[in-house]
Amino acid sequence: MTPQLNVIGIVVSDMTASLAFYRRLGLEFPEGSESEGHVEAALPGDVRVTLDTEAVVKSFHADWQRPTTAGRIGLAFQCADPAEVDAVYDELIGAGYHGELKPWDAFWGQRYATILDPDGNSVDLYAPLPS
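Since the structure is predicted, the reported quantities are computational estimates derived from the model, not experimental observations.

Trainee: It is not clear to me how the layout of surface pockets should be interpreted in this structure. Could you clarify?
Mentor: Over the atoms a probe the size of a water molecule is rolled, and this reveals where empty space is left. Roughly 150 Å³ of volume is contained in the second largest pocket. Around the second largest pocket, the lining residues are I8, Y22, L27, L43, V49, G74, L75, A76, F77 and Q78. Looking at which element gives the most residues to the lining of the second largest pocket, the answer is strand β4 (residues 74–78), with five residues. A per-class count over the lining of the second largest pocket returns eight nonpolar, two polar and no charged.

Trainee: Before we go on, may I ask you to explain the sheet that holds strand β2 (residues 38–43) in this structure?
Mentor: Strands belonging to one sheet form pairs held by backbone hydrogen bonds; the direction of such a pair is parallel or antiparallel. Ordered by their spatial adjacency, three strands build an open sheet running β1-β3-β2, and the pairing between neighbours is mixed. Edge strands, defined here as strands with exactly one partner in the open sheet, are β1 (7–12) and β2. The sheet shows a mean angle of 20° between the axes of neighbouring strands, direction not considered. Here β2 pairs with strand β3 (residues 47–53) via six bridges, running antiparallel. For E40, the partnering residue across the bridge sits in β3 and is T50. Where helix α1 (residues 15–24) meets the sheet, its contacts fall on β1, β2 and β3, and the angle it forms with β3 comes to roughly 150°.

Trainee: Mind showing me how you'd approach the sheet that holds strand β7 (residues 122–128) here?
Mentor: Pairing is mixed in the open sheet, where four strands are placed in the order β4-β7-β6-β5. Each edge of the open sheet carries a strand with a single partner, namely β4 and β5 (99–105). Going from strand to strand, the sheet's axes swing by 20° on average, the running direction of each strand aside. The pairing of β5 with strand β6 (residues 110–116) spans four bridges and is antiparallel. Counterpart to W104 in the pairing with β6 is Y112. Against the sheet, helix α3 (residues 82–94) engages β5, β6 and β7, with an angle of about 15° to β6.

What counts, and at which threshold
- Residues numbered from 1 in each chain as written.
- Predicted model: local features only at pLDDT ≥ 70, side-chain atom pairs only at ≥ 80, totals over all residues.
- Heavy atoms only, no water.
- 1 Å grid on protein atoms, 1.4 Å probe; cavity = no way out; pocket = protein on both sides within 12 Å on 5 of 7 lines; lining within 4 Å.
- Points joined across faces, edges and corners; volume = space filled by probe spheres on them.
- Helix = DSSP H or I, 4+ residues; strand = E, 2+ residues; numbered from the N terminus.
- Nonpolar A, V, L, I, M, F, W, Y, C, P; charged D, E, K, R; others polar.
- Pairing = 2+ DSSP bridges.
- Axes fitted to C-alpha atoms, helices over the stretch in contact; angles between N-to-C directions.
- Contact = heavy atoms within 4.5 Å.

Structural data, given as structure tokens:
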């Protein structure tokens, strides 16, 4: 058997804030999830994004501590086109999220931007540039 990646888990300090952020990016979490300690959004290919509160993680991993520096994992959301990268970035900035890298035309052929989620995780937005 070969292990299959099917969960991308994110530990969050504020479930309500994290749900609002990821819902703006199109992830669908059940209504009423704001009061839960663990929630899941289904993605194509039997993959799920899960959000767990720090309290839930500490309930089974007593020594877990919130990282004090940026993590080593990032998420990237593909947009329909370069204009959508700009529009989504502007919408998130307008909602009060921190923009790490403003949209730019990357040398590898994509419109690219980076925004931070409520816990400081890097979330990239990208779309292929016209050829």
